[in-house]
Amino acid sequence: MVAIAILDDYQNVALSMADWSRLQQAHRIVVFNERLADINAAARALEPFDVIGIMRERTAFPRALLERLPKLRLLVTTGKRNASVDVEAARERNITVCGTGGGRSATAELAVALMFALARHLREEFHAMRPGGAWQTTLGIDLEGRTLGVIGLGNLGTRVAKICGAIGMEVIAWSANLTAAHAERHGAVRVDKDDLLKRADVVSIHSVLSPRTRGLIGARELALMKPTAILINTSRGPIVQEAPLLAALRERRIAGYGADTFDVEPLPPDHPLRSEPRALLTPHLGYVTEDTYRVFYPGMVAAIEAWLNGSPVGVI
């Protein structure tokens, strides 16, 4: 019998999203619904486990934690990559790291939802419709006919471009390696970064976090944007520099910021973005849908069973 931990099941749905019955009959499964606060807490809680299933971008597994888990032999992450796992350190300790399939459109749909919500001031109007609230307190804008600037025209960026193009937005795009031909294939026009920031009414970030993209949007870039422009970040928090972002919002140099990802997660209760009226925030919900979970968790079951049978799948 092996001991299996399933981490960060915040919604308490992991066991209902897949058929765990074969594993439950032969092995011990423990589900953690609450976040483990730090490396010390994680090491204490996870020390007895041979197999750990993790949700990408939640609990991190750096070398310092892996070195304190002597029984761990298999780490299964949802998705095909997880930057918060030190894969090299795992290999050194003979820990197999596997990934599952991923979702398709959930994060792209959330990015577009944030655009609409900011453009039409939906948060303010939702609150106004509570008992005692006022009637029609804001004036929104149409997105049709306006310009979307996509930073990172990969899998998610192309989906956002397709949706926004379908509602009549002009789509322009930039990334360091983007070609004009690739942009054209996905209904966009390649421009340089500064031109995109100057022209776009909505800027949506879909770049992978890397040394090159960390801090990509700072004071200089925000200064190029229109005061009526909206910035959307469903990619990674550190791509946008927080201090100049807060200054731009407070000084009304951009119209709004829609974000699903942050430098520190969960976002601290007293973080200044939480009290910024021009920021519309969601708690990293990009992939958090039933449809995506019904890919993630069956994939986790399959990876564990394959490893137990001596034929690991999805090895990272």
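Residues numbered from 1 in each chain as written. Predicted model: local features only at pLDDT ≥ 70, side-chain atom pairs only at ≥ 80, totals over all residues. Heavy atoms only, no water.

### Notes on the overall build of the chain
Stated formally: Helix numbers and strand numbers start at the N terminus; a helix is a DSSP run of H or I with at least 4 residues, a strand a run of E with at least 2. Restricting the calculation to C-alpha atoms gives the radius of gyration, and the globule rule supplies 2.2 Å times the number of residues raised to the power 0.38. Type-normalised accessible area, obtained with a 1.4 Å probe on protein chains alone, sets the label of each residue: buried when under 20%, exposed when over 50%, and partly exposed for intermediate values. Values of accessible area rely on a 1.4 Å probe in the Shrake-Rupley scheme; residue burial ignores everything except the protein chains shown. Working convention for charge: Lys and Arg count positive, Asp and Glu count negative, and His plus the chain ends are omitted. Where a charge sits is defined by one atom per residue type, namely NZ (Lys), CZ (Arg), CG (Asp) or CD (Glu).
For the chain, the helix and strand inventory stands at 12 helices and 12 strands. At 21 Å, the chain has a C-alpha radius of gyration in line with the 20 Å of a compact globule built from 316 residues. For the C-alpha atoms alone, the extent of the chain along its principal axes is close to 60 × 55 × 35 Å. The buried share of the chain, taken over its 316 residues, is 48%. In the form shown here, the chain has an accessible surface area of approximately 15,200 Å², with 52% of it arising from carbon and sulfur atoms. Distance from the positive charge centre (37 side chains) to the negative charge centre (34 side chains) of the chain: 2 Å.

### Details of the pairing of strand β9 (residues 202-205)
Put simply, the rule is: In this description, strands pair whenever DSSP reports at least two bridges between them. If you view a crossover with the strands going away from you and the path from the first strand over the helix to the second runs clockwise, you call it right-handed.
Residue alternation in β9 divides its side chains into two sets, V202 and S204 and V203 and I205, and both sets are buried. Sheet analysis places strand β6 (residues 147-151) next to β9, joined by 4 bridges and oriented parallel. The residue of β9 that forms the bridge with V150 is S204. Bridging between β9 and strand β10 (residues 230-233) involves 4 bridges; their strand directions are parallel. Paired with S204 across the strands is I232, a residue of β10. On the question of chirality, the crossover connecting β9 to the parallel β10 by way of helix α10 (residues 219-224) is right-handed.

### Focus on the side chain of K193
Among the structural elements, K193 can be located in helix α9 (residues 193-199). On the basis of relative accessibility, which here comes to 17%, the residue K193 falls in the buried class.

### Re the sheet that holds β6
The condition is simple: The criterion used for residue contact is that any of the two residues' heavy atoms lie within 4.5 Å. Axis geometry follows a simple rule: fit a line to the C-alpha atoms, using only the stretch in contact for helices, then measure angles between N-to-C directions, giving values from 0 to 180 degrees.
If you walk across this open sheet you meet the 7 strands as β8-β7-β6-β9-β10-β11-β12, and the pairing is parallel. Every interior strand has two partners, whereas the edge strands, β8 (189-190) and β12 (279-281), have only one. Where helix α5 (residues 106-119) meets the sheet, it contacts β6, β9, β10, β11 (256-259) and β12, and its direction lies at approximately 155 degrees from that of β10.

### A word on the packing of α5 against helix α7 (residues 155-166)
Heads up, the rule is: For classification purposes, an angle smaller than 35 degrees is called roughly parallel, one larger than 145 roughly antiparallel, one from 65 to 115 roughly perpendicular, and anything else oblique. Two helices cross in a left-handed way if the nearer one is turned anticlockwise from the farther one by less than a right angle. They cross in a right-handed way if the turn is clockwise. Charged residues are taken to be Asp, Glu, Lys and Arg, nonpolar residues to be Ala, Val, Leu, Ile, Met, Phe, Trp, Tyr, Cys and Pro, and polar residues to be all remaining types, Gly included.
Interaxial distance between α5 and α7 falls to 9 Å at its minimum, and their mutual angle equals 50 degrees. Between α5 and α7, the interaxial angle falls into the category oblique. Pair α5 / α7 crosses with right-handed handedness. Between α5 and α7, the contacting residues are T107, A108, A111, V112 and M115 on the first element and L156, R159, V160, I163 and C164 on the second. Class assignment of the residues belonging to the contact of α5 with α7 gives a composition of 8 nonpolar, 1 polar and 1 charged.

### A look at α5
For clarity, the threshold we go by: To estimate the expected span of a helix, subtract one from its residue number and multiply by 1.5 Å.
For α5, which comprises 14 residues, the first-to-last C-alpha distance of 20 Å matches the rise-based estimate of 20 Å (1.5 Å per residue) to within 8%. Burial analysis of α5 places 11 of its 14 residues in the buried class, which makes it a mostly covered element. Turning to α5, its buried residues number three or more, namely A106, T107, A108, L110, A111, V112, L114, M115, A117, L118 and A119. Looking at the residues trailing α5, positive phi occurs at H121, about 55 degrees.

### Digging into the packing of aromatic side chains
Quick reminder of the rule: Aromatic pairs are defined between Phe, Tyr and Trp rings, using the six-membered ring for Trp, whenever the two ring centres lie within 6.5 Å; interplanar angles under 30 degrees are classed as stacked, those over 60 as edge-to-face, and all others as tilted. By definition here, charges over rings are those cases where NZ of Lys or CZ of Arg is within 6 Å of the ring centre and within 35 degrees of the ring normal.
Applying the stated criterion across every chain, the model contains 3 aromatic pairs. Between F32 and F49, the aromatic rings sit 6.0 Å apart at their centres with planes inclined by 75 degrees, giving edge-to-face as the arrangement. In this pair, F32 sits in the loop between β2 (28-31) and α2 (39-46) while F49 sits in the loop between α2 and β3 (51-54), placing the two residues 17 residues apart along the sequence. Per residue, the accessibility class of F32 equals that of F49, and both read buried. Above the ring of W174, the side-chain terminus of K193 is found at 5.6 Å from the ring centroid.

### With respect to the sheet that holds strand β4 (residues 74-77)
Spatial strand order, β2-β1-β3-β4-β5: 5 strands in an open sheet with parallel pairing. In this open sheet, the two strands that pair with only one neighbour each are β2 and β5 (96-99). The mean inter-strand angle of the sheet, taken between neighbouring strand axes irrespective of direction, is 15 degrees. Alignment of strand β1 (residues 3-6) against β2, held across 4 bridges, turns out to be parallel. Considered in β2, the bridge of A3 is made with R28. The sheet contacts of helix α12 (residues 290-308) involve β1, β3, β4 and β5, and relative to β4 the element is tilted by about 160 degrees.

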